[in-house]
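Chains, contacts and geometry: an overview
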Amino acid sequence: MRGRNDAGHSKRPIVLCCMMIVSLCLLFLYFSGSNGQAKSTAFEYGTKFSRTLGWGSDDGEDGSEESIFGTGDADDVKPKSFPVCDDRHSELIPCLDRNLIYQMRLKLDLNLMEHYERHCPPPERRFNCLIPPPHGYKVPIKWPKSRDVVWKANIPHTHLAKEKSDQNWMVEAGEKIKFPGGGTHFHHGADKYISNIANMLNFKDNNINNEGMLRSVLDVGCGVASFGGYLLSSNVIAMSLAPNDVHQNQIQFALERGIPAYLGVLGTKRLPYPSRSFELAHCSRCRIDWLQRDGILLLELDRLLRPGGYFAYSSPEAYAQDEEDLRIWKEMSALVERMCWKIAEKRNQTVIWVKPLNNDCYRRRAPGTKPPLCKSGDDPDAVWGVQMEACITPYPEQMHRYGGTGLAPWPARLTTPPPRLADLYVTADTFEKDTEMWQQRVENYWSLLGPKVKPDTIRNIMDMKASFGSFAAALKDKDVWVMNVVPHDGPSTLKIIYDRGLIGSNHDWCEAFSTYPRTYDLLHAWTVFSDLDKRGCSAEDLLLEMDRILRPTGFIIVRDKSTVIEFIKKYLHALHWEAITVVDAEPSPEPEENEMILIIRKKLWLPEAGSHDSST
């Protein structure tokens, strides 16, 4: 009996094992049937989740990877919620997080400002949570009032009001913070300072726009960006630039005010802008050592200035008489002379240099003169993660012969095909058709937004895949500005955007953008998610990043294929977003390329109440 019973027990595992194998085979055949229409939702969600954590493959370019968007089936898993980050992270900038630098013990050269450059967290260190607004957060004050006043609760930092109290940067006023328009070298107001610069350059009527020929400005070390804010009334747009340093909320204040701004630093890598983008660079007591490393930072400005562009420099070195300031002034003057810059005017606290119109001066320099010209193979428009070099960027031969940019004055510049289209082998006809197409699309967007949008509802806009900037150009009659983002690995269309008198930046959407949370009113994502799918990056990470940078009550316009739209719709509740409308886009000549439009609004939710409210 004992032997018989033992034999029976020994057979049971074999039988059970066979049954399991048969069951698994049947399940495999079922889920593989119907031409692949039925899918295992558990496996799909597991794949998505693993990619979010960085466990999935990043190699989706060979077409072997399954789309991260699945098929759009209604029975796909819908996440109920995302965790909310700790209140301490209400101002988190993932790739400019100093705490991350300390935790990872990165060996960075503080003298070269490497700790203020982008250092993105590896997948296992990403927060993957919703960034909460600060306690008491209010819908931002609307432009143009916001230029001069913001809610203190939205940016509860007043140290600059005390530290710069003698310079009129900002003033506490009860529940608000006011901005009188002052700066370190323009205590009496940015408007008077700007008029003075125009006067120094003999511009007509002391108007800084020089009859439309001066349109784009780079303001380095911009403070709270009052200089850029007051330029706007002259139809001049500035990229106000400052690092996330000890005055860490400068850019946050600028964007809260509705002034174009970007977190960046002159450190070791090129700024994410193409060559010859700006007519004027400006530094008002920006505390930059321009003489370091053979003048490499000044040479980066030189790369970014157009032919005949100006550098306005307000600093003690330009006027003080003590020994150290005199030494710096002497060495800086010698450096810019070797760079072929000339003094346009020097008055009181400010000196303005002008860059040459062609290569003649460079060619007349003695052999061996430093800084040298950049090598012929150097691409001055390659910027994403590219190290700066201490060399002069000469002009292309055609620009040298022309002796300038060949750009039309503003506002004709916005719709006139620029000469650099030829660099991309794009015809004027293609450019004009693109402009016309996006004009129609933007009109359609605004009709879909309908009563949700009033003239002052939207101020800060980001076009996440800007191409030639025609989306932004179509908004010329609205009181908005657009950050045009161009993929770092795509065609170099950002120079066309700057040639149109617009601004923007290169970026990789597999990473977080260099801005504070809650800084944009509208995000436009045209095939951004489809591009992400090809690269195998996490769509969930991008959704969380879009939520981070979007203001409460702000809008998202997604224009993409239907599977992307269905994928995003599953996350609306978890993100505290609501769908305003979903419609088919205009038909494409290629049916497989037909797109849909999803318009989303972010609800205002406050962590202390645990609730959300979509009211404005």
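This section reports on the structure supplied with the text. (Residues numbered from 1 in each chain as written. Predicted model: local features only at pLDDT ≥ 70, side-chain atom pairs only at ≥ 80, totals over all residues. Heavy atoms only, no water.)

1. Brief notes about the sheet that holds strand E8 (residues 305-314)
- Spatially, E6-E5-E4-E7-E8-E10-E9 is the arrangement adopted by the 7 strands of the open sheet, whose pairing is mixed. The two strands at the open ends of the sheet, each matched to only one other strand, are strand E6 (261-263) and strand E9 (342-347). If you compare each strand with its neighbour and ignore which way they point, the axes differ by 20° on average.
- Where E8 lies against strand E10 (residues 350-354), 5 bridges are found, and the strand directions are antiparallel. (Pairing = 2+ DSSP bridges. Helix = DSSP H or I, 4+ residues; strand = E, 2+ residues; numbered from the N terminus. Axes fitted to C-alpha atoms, helices over the stretch in contact; angles between N-to-C directions.)

2. Quick notes on the sheet that holds strand E17 (residues 596-602)
- Taken together, 7 strands build an open sheet; the order of strands is E13-E12-E11-E14-E15-E17-E16 and the sheet is mixed. Strands with a single pairing partner mark the edges of an open sheet, and in this sheet they are strand E13 (503-507) and strand E16 (577-584). In this sheet, neighbouring strand axes are inclined to one another by 15° on average, regardless of whether the strands run parallel or antiparallel.
- As judged from the 3 bridges shared by strand E11 (residues 460-463) and strand E14 (residues 520-526), these two strands associate in the parallel manner. Following the sheet pairing, Asp463 is matched in E14 by His524.
- Running over the sheet, helix H17 (residues 562-569) touches strand E15 (550-560), E16 and E17 and is turned about 20° from E17. (Contact = heavy atoms within 4.5 Å.)

3. What about the nonpolar core?
- The biggest cluster of nonpolar side chains holds 122 residues, and the ones touching the most others in it are Trp290 and Phe311.
- When residues no more than four places from it in sequence are discounted, the contact partners of Phe311 are Leu280, Ala281, His282, Cys283, Trp290, Leu298, Leu301, Met332, Trp341, Val351, Ile352 and Trp353. (Core = buried A, V, L, I, M, F, W, Y, C linked by side-chain atoms within 4.5 Å. Buried < 20%, exposed > 50% of the residue type's maximum accessible area, 1.4 Å probe, protein only.)

4. Details of the pattern of salt bridges
- In total, this model carries 29 salt bridges according to the counting rule given.
- Residue Lys138 is joined to Glu175 by a salt bridge in which the shortest nitrogen-to-oxygen separation is 3.2 Å. In this pair, Lys138 is assigned in the loop between helix H3 (98-104) and strand E1 (149-151) and Glu175 in the loop between strand E2 (171-173) and strand E3 (176-178), connecting sequence segments 37 residues apart.
- With a relative accessible area of 30%, Lys138 lands in the partly exposed category. (Salt bridge = Lys/Arg side-chain N within 4 Å of Asp/Glu carboxyl O.)

5. So, the packing of aromatic side chains
- Scanning the entire structure with this criterion turns up 24 aromatic pairs.
- Here Phe278 and Tyr498 contribute two aromatic rings whose centre-to-centre distance is 5.2 Å and whose plane-to-plane angle is 70°, an arrangement assigned as edge-to-face. One end of the pair, Phe278, is in strand E7 (residues 278-284); the other, Tyr498, is in helix H14 (residues 494-499), and 220 residues separate them in sequence.
- The class of Phe278 is buried, set by a relative accessible area of 1%.
- The ring centre of Trp329 lies 5.2 Å from the NZ or CZ of Lys346, which sits over that ring. (Phe/Tyr/Trp six-rings, centres within 6.5 Å; stacked < 30°, edge-to-face > 60°. Lys NZ or Arg CZ within 6 Å of the ring centre and 35° of its normal.)

6. Digging into the layout of surface pockets
- In this structure, the largest pocket encloses a volume near 750 Å³.
- Lining the largest pocket are 42 residues, and of these Gly221, Asp245, Arg285, Cys286 and Arg287 sit closest to its centre.
- Put simply, the parts of the chain that give the lining of the largest pocket at least two residues each are strand E4 (216-220), helix H6 (226-231), strand E5 (237-242), E7 and helix H8 (292-304).
- Considering every element that reaches the lining of the largest pocket, the biggest residue donor is H8, with 3 residues.
- Its residues assigned to classes, the lining of the largest pocket comprises 20 nonpolar, 15 polar and 7 charged. (1 Å grid on protein atoms, 1.4 Å probe; cavity = no way out; pocket = protein on both sides within 12 Å on 5 of 7 lines; lining within 4 Å. Points joined across faces, edges and corners; volume = space filled by probe spheres on them. Nonpolar A, V, L, I, M, F, W, Y, C, P; charged D, E, K, R; others polar.)

7. Here's the deal with the pairing of E15
- Burial runs high along E15: 11 of the 11 residues are buried.
- Examined bridge by bridge, E14 and E15 share 6 bridges and lie parallel to one another. Paired with His524 across the bridge in E15 is Ile557.
- Direction of pairing for E15 relative to E17: antiparallel, over a ladder of 6 bridges. By the bridge assignment for E17, Phe555 is matched with Arg601.

None of this, on its own, says anything about what the molecule does.
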